[in-house]
Amino acid sequence: MKPRGWEIVERVKAGETLVFDGGYGTMLFAAGLLNGACPEVWNDTHPDVVRGIHRGYYEAGSHLVETNTFGGTRLKLNEYKIGDRTRELNVKGARLARAVAPPTGYVAGSIGPTSRLPVDYALDEGVTDEEYEATFKEQAEALVEGGVDVFAVETMMFPQEATAAIRACKAVADLPVMATMFFQFEEMHDRDRTMWGESPGDVARSLLAAGADVVGMNCGRGPDRAIVIIREMRKVTDAPLVAYPNAGLPITTGDTVTYELGPEAMAQEYPALLDAGCNIVGACCGSNPEHIRRIAEVVRSRKK
Ligand SMILES: [Zn+2]
């Protein structure tokens, strides 16, 4: 029997639109996470807070909720000198989301960048493809042990790192992989590119070639650019597409960061995002369950 996570791909291919979740950072900070502290440690020290955020998203209408394991590779955890807790923090993270998932809900294992440059770009101590794959495999194995249904390889900056993460997930388990990259809007050229110059079409093709089942964008700017990026990706593939952009740009006033788009303003952009061919929609930095509730309403209202 195929693992249940494959339903996500089947449902989308059958024409359904699914709702992803929203941001975690803002809510963890609001709950007391200190700037510069490791968010994944809260899977151990503050399980109630993390479970509460997951629950909030499921209740808001998310079909998929992702684990608090974005920085959960050994390479990233080593920045906090806790690389030896890699397995523990990922297993715990997956279990927290699983524990509050409704029977119909899916848990996506979040896998973010290592913050280490690939060997081709780094002046020294760059990471090789083999090292990337090893660190992502270790994380993916722990996420599977904790019970995830699907992997969410996300906010990737370099294609090498993204494709290594996809290959690692595929080597570890027969689960679908969603893979999304971070795009910058190059205002001068009126186009969206990764940090290293790939177009949305290039990205869709290379992530699919690496084995991803769902591809798209997350973080970056707001839904206005997500619409354009998804449209570009849709030109080159029939594969399921996902977008979970930020709630616009961050606005810093003193010590506090807010984001341009409130729930209503953000949700207004989603009919166009769905028209562009997006199959799974959510939100990233600066969003909260209220954003997702409005986005889920848009998705429901378009159901025939
Ligand atoms: Zn983000």
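Here the structure is a predicted model, which means the values were calculated and not measured. (Residues numbered from 1 in each chain as written. Predicted model: local features only at pLDDT ≥ 70, side-chain atom pairs only at ≥ 80, totals over all residues. Heavy atoms only, no water.)

Draft legend 1. Expanded view of the pattern of salt bridges. Within the structure shown, the criterion is met by 24 salt bridges. Across the pair E88 and K92 runs a salt bridge whose closest N-O atoms are separated by 3.0 Å. Taken together, the positions of E88 and K92, both in helix α6 (residues 86-100) and four residues apart, correspond to about one turn of that helix. Its relative accessible area of 26% is what places E88 among the partly exposed residues. For K92, a relative accessible area of 32% puts it in the partly exposed group. Between K235 and E232 there is a salt bridge whose closest N-O contact spans 3.4 Å. Here K235 pairs with E232, and both are found in helix α10 (residues 223-236), just three residues apart, close to one helical turn. (Salt bridge = Lys/Arg side-chain N within 4 Å of Asp/Glu carboxyl O. Helix = DSSP H or I, 4+ residues; strand = E, 2+ residues; numbered from the N terminus. Buried < 20%, exposed > 50% of the residue type's maximum accessible area, 1.4 Å probe, protein only.)

Draft legend 2. Summary view of the layout of surface pockets. A volume near 950 Å³ is recorded for the largest pocket. Listing elements by their share of the lining of the largest pocket, those giving two or more residues are α2 (25-30), β4 (150-156), β8 (214-219) and β11 (256-259). A total of four residues in the lining of the largest pocket trace back to one element, the largest contributor, which is α2. Here the residues of the lining of the largest pocket sort into 17 nonpolar, 16 polar and five charged. (1 Å grid on protein atoms, 1.4 Å probe; cavity = no way out; pocket = protein on both sides within 12 Å on 5 of 7 lines; lining within 4 Å. Points joined across faces, edges and corners; volume = space filled by probe spheres on them. Nonpolar A, V, L, I, M, F, W, Y, C, P; charged D, E, K, R; others polar.)

Draft legend 3. Layout of the sheet that holds strand β2 (residues 64-66). Across the sheet, which stays open at both edges, the eight strands sit in the order β1-β12-β9-β8-β5-β4-β3-β2 with parallel pairing between neighbours. Taken across any chain shown, the strands that pair with only one partner, and hence form the sheet edges, are β1 (18-19) and β2. Two strands pair when backbone bridges link them, and β8 and strand β9 (residues 241-245) are joined in this way by five bridges, in the parallel orientation. Residue N218 lies in a different strand from β9, and its bridge partner there is Y244. (Pairing = 2+ DSSP bridges.)

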